[in-house]
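The lines below spell out each chain.
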Amino acid sequence: MTVMEAAVEFRLPDALAAHEPPEARGLARDEVRLMVSRAGDDSITHTRFSKLPEFLAAGDVLVVNTSATINASVRARRTRHDGSTETVLLHLSTPLSFRRWVVELRRTSPNGSSPLWDAEAGERIHLPAGATALLLEPYSLDGSLSFGHVRLWVADLELPSDVLSYAARHGSPIRYGYVPEQWPLAFYQTVFANEPGSAEMPSAGRPFSYRVIDRLIRKGVAIAPIVLHTGVSSLEVDEPPYPERYRVPDSTAHMINAAKQAGGRIVAVGTTAVRALETVASYDGMVRGGAGWTDLVITPERELRAVDAMLTGFHDPKASHLFMLEALAGRNHLALAYATALERRYLWHEFGDLHLILP
């Protein structure tokens, strides 16, 4: 199965892209809209995120990603073959070692940016403060090297400090054409963020506020942390997600297993939490603590084992994450939910609305 064969086919109108944070629209973080859909009976409820505790029960466990977003976009300069220079963006995606990172080069335009396809191995990209990025080879999942149409590169970074400190000083959050204005990094952090490492925000956790968390805890809903550091999300429609770093603490595994044995539901906040949990889940749904790299891609053929419900944003047409949602909710229910979201004009992307999928 490839992403091109995704069951949910739709066109996303530009008007339904969230072009700025909800705060810029006069809303608190937890006042974005929330669509609650139940796969068991195809019922759909429309509400606000602040009402989330009303749809969860004592004994449920919310699994949240505590990875913090970094300033992963750095303005850079490259020299073309004819000797002229151009300003580009270098997006830091994933560390491979202390100096070697997976990076993406993008051309800037009035409408945002687009992948830069004509870079070559051996090319040195010049960064602020005298830093450089030497392109070593295309980044490949299978070890094969194909040149000529390369989006992601393995680069050797020569920086005056460690990568995270350098990015904090000279970078900015990654943004795409649907967000025309640059916003500070604080707008790309969740209340759970405590470990820097994500190239892009684990955005399903963004609407949480301390008042929502307080109501959840008072109701008896447990909150369990995992870490999954996201890479760049600008994948081509035929690209699966790349390997990402994860960590599931033993304490989280114990909490989840106890809840499942007591009949509670495991509610993953975002696709990142699903990917991490399912990586360490056994066939019977029990999970263990663990850390490393995960290349797991959830599809309807690879059913979910640990996760019972999911809180997520709305995903682009043909996005690979739609496979994960189909594995959870089924093809027919997912199609119904997305048709309803389009009809009701829910907002897409990291500053948009949320979708809670329950059994």
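Quick summary incoming for the structure in this document. None of the values given here were measured: they were computed from a predicted structure.

Calculation rules
- Residues numbered from 1 in each chain as written.
- Predicted model: local features only at pLDDT ≥ 70, side-chain atom pairs only at ≥ 80, totals over all residues.
- Heavy atoms only, no water.
- Core = buried A, V, L, I, M, F, W, Y, C linked by side-chain atoms within 4.5 Å.
- Buried < 20%, exposed > 50% of the residue type's maximum accessible area, 1.4 Å probe, protein only.
- Helix = DSSP H or I, 4+ residues; strand = E, 2+ residues; numbered from the N terminus.
- Contact = heavy atoms within 4.5 Å.
- Phe/Tyr/Trp six-rings, centres within 6.5 Å; stacked < 30°, edge-to-face > 60°.
- Lys NZ or Arg CZ within 6 Å of the ring centre and 35° of its normal.
- 1 Å grid on protein atoms, 1.4 Å probe; cavity = no way out; pocket = protein on both sides within 12 Å on 5 of 7 lines; lining within 4 Å.
- Points joined across faces, edges and corners; volume = space filled by probe spheres on them.
- Nonpolar A, V, L, I, M, F, W, Y, C, P; charged D, E, K, R; others polar.

1. Concerning the nonpolar core
Counting 43 residues, the largest nonpolar core has V63, I226, V274, Y338 and W348 as its most contacted members. The biggest single contributor to this core is helix α5 (residues 321-329), with 5 residues. Those residues in contact with V274, other than ones at most four positions away along the chain, are A268, I298, L304, V307, M310 and M324. Counting residues in hydrophobic clusters, the runner-up holds 42 residues, among them L105, L116, A131 and M201.

2. Focus on the packing of aromatic side chains
The full count for this structure, using the stated rule, is 12 aromatic pairs. Here F314 and W348 contribute two aromatic rings whose centre-to-centre distance is 5.0 Å and whose plane-to-plane angle is 35 degrees, an arrangement assigned as tilted. Within this pair, whereas F314 is found in the loop between β17 (309-312) and α5, its partner W348 is found in the loop between α6 (331-343) and β18 (354-358), the two being separated by 34 residues in sequence. Residue classification places F314 among the buried positions, given a relative accessible area of 4%. With a relative accessible area of 0%, W348 lands in the buried category. Note on Y338 and W348: the rings are 5.9 Å apart at their centroids and 75 degrees apart in plane angle, and the pair reads as edge-to-face. Remark: W348 occurs in the loop between α6 and β18 and Y338 occurs in helix α6; sequence separation between them is 10 residues. Each member of the pair, Y338 as well as W348, is classed as buried. Each member of the aromatic cluster is reached from another via a ring pair, and the members are F10, F314, Y338, Y346 and W348. The positively charged end of R33 is found above the aromatic ring belonging to Y346, 3.9 Å away from the centroid.

3. Points about unusual backbone geometry
A positive phi is found at A129, a non-glycine position, where the angle reads about 60 degrees. For A129, a relative accessible area of 52% gives the class exposed. With phi around 70 degrees, K318 is a residue other than glycine that occupies positive phi space. Within the secondary structure layout, K318 lies in the loop between β17 and α5.

4. A closer look at empty space enclosed by the protein
Applying the stated rule across the entire model yields 3 cavities of 30 Å³ or more. Put simply, the largest cavity is a space of about 50 Å³. Looking at the lining of the largest cavity residue by residue, the class counts come to 5 nonpolar, 4 polar and no charged.

5. Some points on the environment of V88
Assignment of secondary structure puts V88 in strand β6 (residues 85-95). The class of V88 is buried, set by a relative accessible area of 0%. Separated by 85 residues in the primary sequence, V88 and P173 have C-alpha atoms spaced 15 Å apart. The residues touching V88, leaving out its near neighbours within four places in the chain, are V74, R75, A76, R77, R78, L105, R106 and L116.

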